[in-house]
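# An overview of the molecular structure
Residue-level listing of the chains:
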Amino acid sequence: MDSDILVSGIRAATTTQGATGYLTIDLAALGRNYCKLVSMLAPARAGAVVKADAYGLGAERVARALYNKGCRHFFVAQFVEAVRLRPAIAGDAQIFVLNGLQPGNEIACAEMGVVPVLNSLAQWRQWSAAARMLKRCLPAVLQFDTGMSRLGFPEQERAELAAALRDGSNIEILFIMSHLASADDAGSEQNGEQFAEMSRIADEFPGFDISFANSGGVFLGDAYHGVLARPGIALYGGAPNGGEENPMEPVVSLDVAVVQTRTVPSGAKVGYGGAHVAQREMRLATIAAGYADGLPRCLSDRGAVYFKGVRLPIVGRVSMDSITVDISGLPEGTLTFGSLVEVLGSHQTLEDIARDADTIAYEILTGLGDRYDRQYR
Ligand SMILES: *Cc1c(COP(=O)(O)O)cnc(C)c1O
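Computed from a predicted model, the values in this text were never measured in an experiment.

Conventions used here
Residue numbers run consecutively from 1 along every chain, following the written order of its sequence. Only residues with pLDDT of at least 70 get local features here, since the model is predicted, and only at 80 or more are side-chain atom pairs given and counted; chain-wide, interface and lining totals rely on the full set of residues. Only hydrogens and water are set aside when side-chain values are computed; all heavy atoms of the structure are taken into account. UniProt positions are given in the numbering used here, feature names are shortened, and annotations may be inferred rather than shown by experiment. Helix and strand assignments follow DSSP, with helices taken as H or I runs no shorter than four residues and strands as E runs no shorter than two, numbered in order from the N terminus. Whether two residues are in contact is decided by their heavy atoms, any of which lying within 4.5 Å being enough. Think of it this way: a Phe, Tyr or Trp ring, Trp meaning its six-membered ring, pairs with another when their centres are within 6.5 Å, and the plane angle makes it stacked under 30 degrees, edge-to-face over 60, tilted otherwise. Only protein chains enter the accessibility calculation, which uses a 1.4 Å probe; a residue is then buried when its area is under 20% of its type maximum, exposed when over 50%, and partly exposed in between. Charge-over-ring placement is defined geometrically: NZ (Lys) or CZ (Arg) within 6 Å of the ring centre, and within 35 degrees of the ring normal. Each salt bridge in this description consists of a side-chain nitrogen of Lys or Arg and a carboxyl oxygen of Asp or Glu lying within 4 Å of one another.

Within this numbering scheme, the UniProt entry marks K51 as carrying the feature "modified residue: N6-(pyridoxal phosphate)lysine" (unreviewed entry). Take K51: it is sitting in helix α2 (residues 51-55). Dropping the residues within four chain positions of it, K51 is found in contact with F75, V76, A77, E81 and L98.

Under the defined criterion, the tally for this structure stands at nine aromatic pairs. The interplanar angle of 40° and the centroid separation of 5.7 Å between the aromatic rings of F144 and F153 together place this pair among those described as tilted. Pair check on accessibility: F144 and F153 agree, each one buried. On the basis of an interplanar angle of 40° and a centroid distance of 4.9 Å, the ring pair of F144 and F205 is categorised as tilted. Taken as a pair, F144 in the loop between β9 (138-143) and α7 (158-166) and F205 in the loop between α8 (189-204) and β11 (210-211) lie far apart in primary sequence, 61 residues in all. Overall, F205 belongs to the buried group, its relative accessible area being 3%. One aromatic cluster is present, built from ring pairs that chain together Y55, Y236 and Y362. When the ring centre of Y376 is taken as reference, the NZ or CZ atom of R61 above it lies at 4.3 Å. One Lys or Arg, R72, reaches over the ring of Y67 and ends 3.5 Å from the middle of that ring.

Before going further, it helps to spend a moment on the pattern of salt bridges. All chains considered together, the criterion is met by 13 salt bridges. Between D92 and R72 there is a salt bridge, and its shortest N-O distance comes to 3.2 Å. With D92 in the loop between α4 (79-85) and β7 (94-97) and R72 in the loop between α3 (59-68) and β6 (73-76), this residue pair connects regions lying 20 residues apart in the sequence. On the accessibility criterion, D92 (47% relative accessible area) is partly exposed. One salt bridge connects D293 with R371, and the closest N-O pair in it is separated by 2.9 Å. Pair noted here: D293 is in the loop between β16 (282-287) and β17 (304-307) and R371 is in the loop between α11 (361-366) and β21 (373-376), with a separation of 78 residues, a long-range link. Three or more residues joined by partner-sharing salt bridges are found here, namely R158, E197, R200 and E204.

This is the structure we're talking about:
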């Protein structure tokens with residue numbers, strides 16, 4: 001790779017693969033975030049949610065790094081993700097499919113040793129039928145809806161499920177779980193409501209281990225920890241606890257190349273729709289990443305990038321493949337064709353850009369796209 005070639009003291013803008021942006025994923029920081037959660041959770045354990053390609057950071061690399069830190073429970077959302085991940089991690093790591101199985105995937109799932117999270121009686125019956133066919137007991141996790149109305153056994157199905165369990169079944173339940181809807185807001189009443197509902201469920205289904213907390217849940221205190229937490233965003237450096245200072249270390253940085261610079265007179269229109277009109281003479285730089293690379297279009301005239309600590313506001317609309325930024329605040333000639341600007345890094349966090357884009361860190365991370373040169377450190 002020629003990524004270390006220096007152009008006027010700046011890392012070369014293109015790699016041998018031809019990328020014009022560098023997404024750096026700090027696996028050591030990921031590991032430290034995991035260890036921080038582990039120590040907060042003990043004696044409960046920390047699994048890892050690696051759905052959506054580990055929030056866009058690469059499920060295989062992330063899962064292997066976390067395995068090396070002792071993680072043995074990996075959660076994906078869809079069976080297809082488990083199929084991809086299974087060969088990449090050691091056999092003593094378990095993979096759980098949070099959405100459960102679609103009809104037709106049961107035998108493949110059983111044969112791969114992947115564990116479905118069963119969310120309904122329909123999924124329970126499917127899995128039980130697969131167990132009968134294979135003439136063995138199959139492992140599963142049961143998810144209960146405690147007030148999010150998204151996934152999990154609804155209250156109306158609990159009596160029938162309890163009866164099925166009493167009658168004995170060919171499904172081995174590894175643990176029961178539920179998911180918090182407002183865990184990032186420690187002050188939300190919904191946390192207590194869901195906790196109370198989970199306690200009722202634990203009484204109705206006694207004797208099972210409980211998994212309850214996502215990243216935010218880890219920070220709600222021991223009562224929410226159960227025996228196994230399922231953090232996602234906190235591992236990847238996102239803030240697990242809303243307004244407060246982010247206790248996690250950043251994992252991702254993103255530097256993108258300048259493709260062109262220019263000076264425009266007052267009155268010049270900038271970008272699609274002429275949506276921005278220069279109010280004075282300005283120096284502009286066009287940067288090689290746009291909404292197809294995960295910079296949401298609503299950053300138009302709102303967000304910024306940084307160069308040597310100087311904020312460079314986005315001017316005009318975000319294009320598919322580029323943004324234009326105001327570099328008038330920099331001494332002339334400091335930023336040129338080929339320079340790299342910081343989109344995510346020490347001056348702009350994931351949370352900063354998410355706020356400017358009116359969204360959450362999760363959406364920024366999972367949207368980052370595949371045109372960047374990904375470098376794992
Ligand atoms: C996505 C997800 C998680 C992880 O949530 P974070 O907020 O990223 O920690 C945990 N559990 C379930 C069921 C999920 O869908």
